[in-house]
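Observations on the three-dimensional arrangement
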Amino acid sequence: MSEKRMIRPYGDTTGDGMVQMSFTLPIPHDKRAEGAALQLATKMGMDPAMVVHAKAMGPDFSFFVVYGRVNHLVDLSAVRVVEREFPLLSAKDVNSAIKRQLRRKLVVLGACIGTDAHTVGIDAILNIKGFAGEKGLEYYREVKVVNLGAQVLVPELVARARAEKADAVLVSQVVTQRDAHLTNAKEMSAAFREAYPAGRTPLLVVGGPRFDPAATKELGVDRIFGRGTTPGEVASYLVHALAERRTA
Amino acid sequence: MTRARPAAKLTLDPAVVRRARGLARRAGRPIVDLARSNTTVSVERAVLRLAGVTGADPDGIPWVNRLVDAVRADVGLEHGVALPVWDALLRGDHADLTELAQKASTGGVAFGLPEGRAATRARSAAARQVGAGIRRIDRRRVERERLVRRIGDAPRTPWIYLIVATGDIYEDIPQAQAAAREGADVIAVIRSTGQSLLDYVPEGATREGYAGTYATQENFRLMRAALDDVSKELGRYVRLTNYASGLCMPEIATLAGLERLDMMLNDSMYGILFRDINPVRTFVDQRFSRQIHARAGIIINTGEDNYLTTADAVDEAHTVTVSQLLNEYFAKEAGLEDWQLGLGHAFEINPEIPDSFRLELAHALLARQLFPKAPLKWMPPTKHMTGDVFRGYLLDGFFNLVGAMTGQGILLVGMMTEAVVTPFLSDRDLALQNVRYVMEAAGNLHEDFRPAPDGFINRRANQVLAEAVQLLERIVDEPGDAALLSAIGDGTFGLMKRPADKGKGYDGVVPHAPAYFNPATDLLEEPAR
């Protein structure tokens, strides 16, 4: 096996461990501030660290750009990520899989819930326009998409899911503060569990840049998608998960 | 606002421009008729706020809500809230309107519709008290003009517009003052995003909000006072912006006028399309709020940038033009003047597309030339900010360059951390350095820049204008009395279908009875001041 197990960051030479970072300290800019920046960088494991840029940001703050070498090693064998648990299908294969499994259209309900008004994420997945060169779920002949848009209240989402007999509910949370995305997702999944008989809820899928894809249990959802997810991945997942449910 | 305005540069056919404006008027007129023949709970609450009703019950529900709900339960709202309220006030033994509201909320007041002399008395008492509120707005406007004269105005255009949004007004204040010291001419306090769907305006100074700070009268007052201090320190009047959108547009506009806010976000269709607020509710609320803004000397900022964040910025460029034309029509009808129209547009074309910068220039020049006297609001890239902050910083530089080359009036400063985190202090400083560099290096480039008459930019601008005319033609050809409502209902804008009888806040819309009385509208529509 030729792949290395242990690696370091790469600046311009293998093994040099060079990284760059920037931060602000709440003190006026002077020699002492630069010393303070150096101390922070050293404590973070950069050695040697170079303060390459320092600038006053108003009377009370200083901004720094620091380059330096880190001593840390990354052990690739200890890296844990959520690997895709389903095969990637083409739109054609998704359509025929739905036909075969359901003998009707797959109903997908999408929304931004809570205070989030940013529909960029849900639209990228649902709108025919799509994302990253892939058409959105509206493009799939065997998928019926109901996009409720932004700031949908959870009870409304549940009611619509029941009315539309949704197979899957996609919820996007893009802009979030104080972990609102987590609170909202939990509230959403709890509301579905309450409204549906056990095990009969639609597939609950949340997406957004701030979610940890491994936190499905904690949030009570079936799947979490992170930054850069494409419509094709979501469609493939839905087909896979529905098939699993039917055989379960 | 003063500006060295670049001379017209695009070759546009004046007949096509006239046609576009004429179509916008035809599409807008029936909506104005609708707005003139309906009222909403929020319009009625704004009347009470003008009359000086403040405060909230122990649950935080404002007394204006309690009073309007009590009146509605007894006699309905189709006659307006003023007649029954002032009739009850004159008949009973109440210290003032707030006390009346308190008693009414516990069922202690029976409202009726006065007739004859009692009605005349109620009418003139209402007009007197509401008129005092409008005069207070007038005084605030004069005060602003005096402060701008005495302290000095922003040194140049575009005005640099920065956002603060911590959720806590007492955190916002030092941040806003710091932003002003760093060079901001306009401070926008973003609202807690859930606020647009609240059917009441929260009370008092607030310290908890999601992705923003609640718009309340007290928060407005605190922030305006803090910016007055920093304006004096800096020798230039720093303007304050908030949001008159959502379910409480008329009330928030009123509070903004009373507390001398200087700009307000106020779009004709944003709430309908992006918040699923009922179309009729939105148009009725919007007209009243714009009448207040006109009176208060507030500059409105419209929300066309939103179309481009949800749809493709090239394919849907003409929807921005259509929305700008509609916003202009509705604004002028409500009494706003050209200098008060911060019509929005945005730098949202996919940077991977060839000639994306030339397309942006064409679109921005088109807006500039269609609305030569309006202080256009130029919005930075958001959709194609990927988290690569270095690339984002470059994109913001190109955004600033288009702003410099096309004489934009208000420039919202782009943040390289857009869509990543709420901006760090350093992000804001770096963003302002970006703006300053571009303005100082290329601020006068528009003097030298003349797109070739039959070149790419001219052709693109003319194409967008032609597509806008086509879309307006399609809208006015829609069935029904209000073609624009049908168009909104069948998804003409931003692909979102918003039927006229659906959406949030519809239950707060009430058609006027023949004897509908609203002293605020009467005063605001008086021809001369």
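Predicted model only: the values in this text are computed from it and were never measured.

**Remarks on the domain arrangement of chain A**
- One can read the domain layout of chain A as domain 1 (6–76) and domain 2 (91–247).
- Taking the mean C-alpha position of each, domain 1 of chain A and domain 2 of chain A sit 41 Å from one another.

**Concerning the packing of aromatic side chains**
Residue and element names in this part refer to chain A.
- According to the stated counting rule, one finds 11 aromatic pairs over all chains in the structure shown.
- Judged by centre distance (5.7 Å) and plane angle (65°), the rings of Phe 86 and Tyr 237 are edge-to-face. Here Phe 86 is found in the loop between strand S5 (74–75) and helix H2 (91–102), whereas its partner Tyr 237 is found in helix H7 (residues 231–247), with 151 residues between them in sequence.
- The class of Tyr 237 is buried, set by a relative accessible area of 4%.
- The lysine or arginine in question, Arg 223, covers the ring of Phe 225, its NZ or CZ lying 4.6 Å from the ring centre.
- Directly above the ring of Tyr 237 sits Arg 223, whose terminal nitrogen or CZ lies 5.7 Å from the centroid.

**Some thoughts on the interface of chain B and chain A**
- Between chain B and chain A, the residue contacts involve 28 residues of the former and 22 residues of the latter.
- Taken together, chain B and chain A are joined by one salt bridge.
- Among the salt bridges present, the one from A:Lys55 reaches B:Asp429, with a minimum N-O distance of 2.9 Å.
- Put simply, chain B and chain A have three residue pairs in polar contact (both at pLDDT 80 or more) between them.
- It is helix H16 (residues 425–442) of chain B that contributes the most residues to the side of chain B that touches chain A, five residues altogether.
- A breakdown of the residues in the side of chain B that touches chain A according to their chemical character gives 10 nonpolar, 12 polar and six charged.

**Quick word on the sheet that holds strand S10 (residues 223–225) of chain A**
All names here are of chain A.
- With parallel pairing, the five strands of this open sheet are ordered in space as S7-S6-S8-S9-S10. The open sheet has two edge strands with one neighbour each: strand S7 (143–147) and S10. Mean inter-strand twist for the sheet, computed between neighbouring axes without regard to direction, equals 20°.
- Two strands pair when backbone bridges link them, and strand S9 (residues 203–207) and S10 are joined in this way by three bridges, in the parallel orientation. Bridge assignment links Val 205 to a residue of S10, and that residue is Arg 223.
- Of the strands in this sheet, strand S6 (106–112), S7 and strand S8 (168–172) touch helix H4 (residues 154–164), which is tilted by about 165° from S6.
- The strands touched by H7 within the sheet are S6, S8, S9 and S10, with S9 carrying the most contacts at an inclination of about 155°.

**A few points about the side chain of B:Thr40**
All names here are of chain B.
- As for its placement among the helices and strands, Thr 40 is situated in strand S1 (residues 38–40).
- Under the relative-accessibility criterion, Thr 40 is labelled buried at 0%.
- For Thr 40, the side chain forms a polar contact with the side chain of Asp 285, separated by 2.5 Å.
- Residue contacts for Thr 40: discarding those within four places in its chain leaves Arg 281, Val 284, Asp 285, Gly 508 and Val 509.

**Side note on the packing of helix H6 (residues 116–151) of chain B against helix H9 (residues 249–258) of chain B**
Residue and element names in this part refer to chain B.
- Between H6 and H9, the shortest axis-to-axis distance is 8 Å and the interhelical angle comes to 55°. The pairing of H6 with H9 is recorded here as oblique in orientation. For the pair H6 and H9, contact is made by Gly 133, Arg 136, Ile 137 and Arg 140 and by Thr 254, Gly 257 and Leu 258, respectively.

**A short note on the pattern of salt bridges**
All names here are of chain B.
- Per the stated rule, a full pass over the model turns up 42 salt bridges over all chains.
- Among the salt bridges present, the one from Arg 140 reaches Glu 143, with a minimum N-O distance of 2.4 Å. Note that Arg 140 and Glu 143 are positioned in helix H6 at a spacing of three residues, about one turn of the helix. We note that Arg 140, like Glu 143, is buried.
- Between Arg 144 and Asp 262 there is a salt bridge whose closest N-O contact spans 2.7 Å.

**Here's the deal with a nonpolar patch on the surface**
Residues and elements named next belong to chain A.
- A cluster of nonpolar side chains, Ile 7, Val 74, Leu 76, Val 79 and Val 81, forms an exposed patch at the surface whose accessible area comes to about 370 Å².
- On the secondary structure map, Val 74 appears in strand S5.
- By relative accessible area, Val 74 is classed as partly exposed at 36%.

Conventions and cut-offs
- Residues numbered from 1 in each chain as written.
- Chains lettered and ligands numbered in written order.
- Predicted model: local features only at pLDDT ≥ 70, side-chain atom pairs only at ≥ 80, totals over all residues.
- Heavy atoms only, no water.
- Domains from an automatic or database assignment.
- Phe/Tyr/Trp six-rings, centres within 6.5 Å; stacked < 30°, edge-to-face > 60°.
- Helix = DSSP H or I, 4+ residues; strand = E, 2+ residues; numbered from the N terminus.
- Buried < 20%, exposed > 50% of the residue type's maximum accessible area, 1.4 Å probe, protein only.
- Lys NZ or Arg CZ within 6 Å of the ring centre and 35° of its normal.
- Contact = heavy atoms within 4.5 Å.
- Salt bridge = Lys/Arg side-chain N within 4 Å of Asp/Glu carboxyl O.
- Polar contact = N/O pair within 3.5 Å; in protein donor to acceptor, adjacent residues only side chain to side chain.
- Nonpolar A, V, L, I, M, F, W, Y, C, P; charged D, E, K, R; others polar.
- Pairing = 2+ DSSP bridges.
- Axes fitted to C-alpha atoms, helices over the stretch in contact; angles between N-to-C directions.
- Parallel < 35°, antiparallel > 145°, perpendicular 65-115°, else oblique.
- Patch = residues over 30% accessible without salt bridge, like charges linked within 9 Å, V, L, I, M, F, W, Y side chains within 5 Å.
- Areas by Shrake-Rupley, 256 points an atom, 1.4 Å probe, with all protein chains shown as cover.

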